[in-house]
Amino acid sequence: MEMCFSGRRALVTGAGKGIGRATALALARCGAEVTAVTRTRADLDSLVLECPSIRPVCVDLADWDATDAALRDDVIGPIDLLVNNAACTTLQPFLEVTPEEFDKAFNVNVKAVLHVSQLVARGMKTRGRGGAIVNLSSQASQRALQDHTVYCATKGALDMLTRVMALELGEHQIRVNSVNPTVVMTEMGRLGWRDPDKARTMTSRIPLGRFAEVEDVVNSVLFLLSDKSSMTSGVTLPVDGGFLAC
């Protein structure tokens, strides 16, 4: 039986593809009024065709001023549930990391999460009814991965941002958690890990012996957004088949 979010308003970033898109659709199926945010108009158009009740917002979250204009409370209305899913990565060996890629990754993976959460949490605080925020992190926040220097660093920062948000927003009954998946079989995941030899280098370290499917992650996000987890805040929830336990 699916969870019920009837009467709740949700905002999902990075909603054009993969986990973000699946989360937006799942929340809509569960009765939420969903605002979907991404920077790619074509992805939003196809999402709305698939689910006409979803409200699309096209904005580049790396642009602070544009995000302010697009996601203010008086523009999109009150938000009860926030999923910070938007992220980017470029693989570079440590000795070849460039300042451009460093800044790009931190702007999207950390700074934009901070900013969007500020905008939403201020409204939650003012209304006094609490809320729930879930940040999409990664197992890469807690394990070093080859050529993932900057990505690992951003996800480590995101985990700590999650904890501090949970600490400071808790008095307003706003819960904040993160979900930390292993490799997920999105379209991009299937493309990046289609080589069996490459895949085995990772699955051999996962006790369950497989990668995560999109619904594995979405189900965890929905749980942390729901009242079923009303006493859960400040956690980083692995969805990794046991990878971080080893």
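A quick note: this is a predicted structure, and the numbers were derived from the prediction, not measured.

Definitions and cut-offs
- Just so you know, the residues in each chain are numbered from 1, in the order the chain's sequence is written.
- Note on the predicted model: pLDDT of at least 70 is required for a residue's local features to be given, and 80 or more for side-chain atom pairs to be given and counted; whole-chain, interface and lining totals, by contrast, use all residues.
- The basis for the side-chain values is all heavy atoms of the structure; hydrogens and waters are excluded.
- UniProt positions are given in the numbering used here, feature names are shortened, and annotations may be inferred rather than shown by experiment.
- Strands are runs of DSSP state E lasting at least two residues, helices are runs of H or I lasting at least four, and both sets are numbered from the N terminus onward.
- What we call a nonpolar core is a set of buried Ala, Val, Leu, Ile, Met, Phe, Trp, Tyr and Cys residues that are connected through their side-chain atoms within 4.5 Å.
- Summary of the burial criterion: residues with accessible area below 20% of their type's maximum are buried, those above 50% are exposed, and those between are partly exposed, where the area comes from a 1.4 Å probe applied to protein chains only.
- The criterion used for residue contact is that any of the two residues' heavy atoms lie within 4.5 Å.
- Working definition: a disulfide is two cysteine sulfur atoms within 2.5 Å of each other.
- One bridge is not enough; two strands pair if DSSP finds at least two bridges between them.
- Assignment of crossover handedness uses the view with strands pointing away from the viewer, where a clockwise path from the first strand over the helix to the second indicates a right-handed crossover.

A separate point is the UniProt feature "domain: Ketoreductase" (unreviewed entry) in the protein chain. Here the UniProt feature "domain: Ketoreductase" (unreviewed entry) sits at residues 8–196. As a span, residues 8–196 carries 48% helix and 17% strand, and end to end its C-alpha atoms are 42 Å apart.

On to the nonpolar core. In this structure, Leu27, Ile54 and Leu225 are the most contacted members of the largest nonpolar core, which totals 34 residues. Secondary structure elements with two or more residues in this core: β1 (9–13), α1 (18–29), β2 (33–38), α2 (41–50), β4 (81–84), β5 (131–136) and α9 (214–225). The element that contributes the greatest number of residues to this core is α9, accounting for seven residues. Those residues within four positions of Leu27 in sequence are excluded, and the remaining contacts are Phe5, Ala10, Val12, Ala32, Val34, Leu81, Leu222 and Leu225. Formed by 26 residues, the second largest nonpolar core is a distinct cluster that contains Ala70, Ile76, Ala121 and Ala166.

Let's shift gears to unusual backbone geometry. For Asp147, which is not glycine, the phi dihedral falls at a positive 70 degrees. If you trace the backbone, Asp147 turns up in the loop between β5 and α6 (149–169). For Gln173, which is not glycine, the phi dihedral falls at a positive 60 degrees. Mapped onto the elements, Gln173 comes out in the loop between α6 and β6 (174–181).

Applying the stated criterion across every chain, the model contains zero disulfides. Cys246 takes part in no disulfide bond, and the closest cysteine sulfur to it belongs to Cys152, at a distance of 17 Å. Cys246 gets classed as exposed once you look at its relative accessible area, which sits at 60%.

So, about the pairing of β5. The buried fraction of β5 amounts to six of the six residues, a majority that puts the element mostly inside the structure. What you see with β5 is no split at all: Gly131, Ile133 and Asn135 on one side and Ala132, Val134 and Leu136 on the other are buried throughout. Where β4 meets β5, four bridges bridge the pair, whose relative direction is parallel. Looking at the pairing, Leu81 lines up with Ala132 of β5. Tracing the backbone out of β4, into helix α5 (residues 99–127) and back to the parallel element β5 gives a crossover that is right-handed. Here β5 pairs with β6 via six bridges, running parallel. From the neighbouring strand, Ala132 faces β6, where its bridge partner is Arg175. Handedness of the β-α-β unit built from β5, α6 and β6 comes out right-handed.

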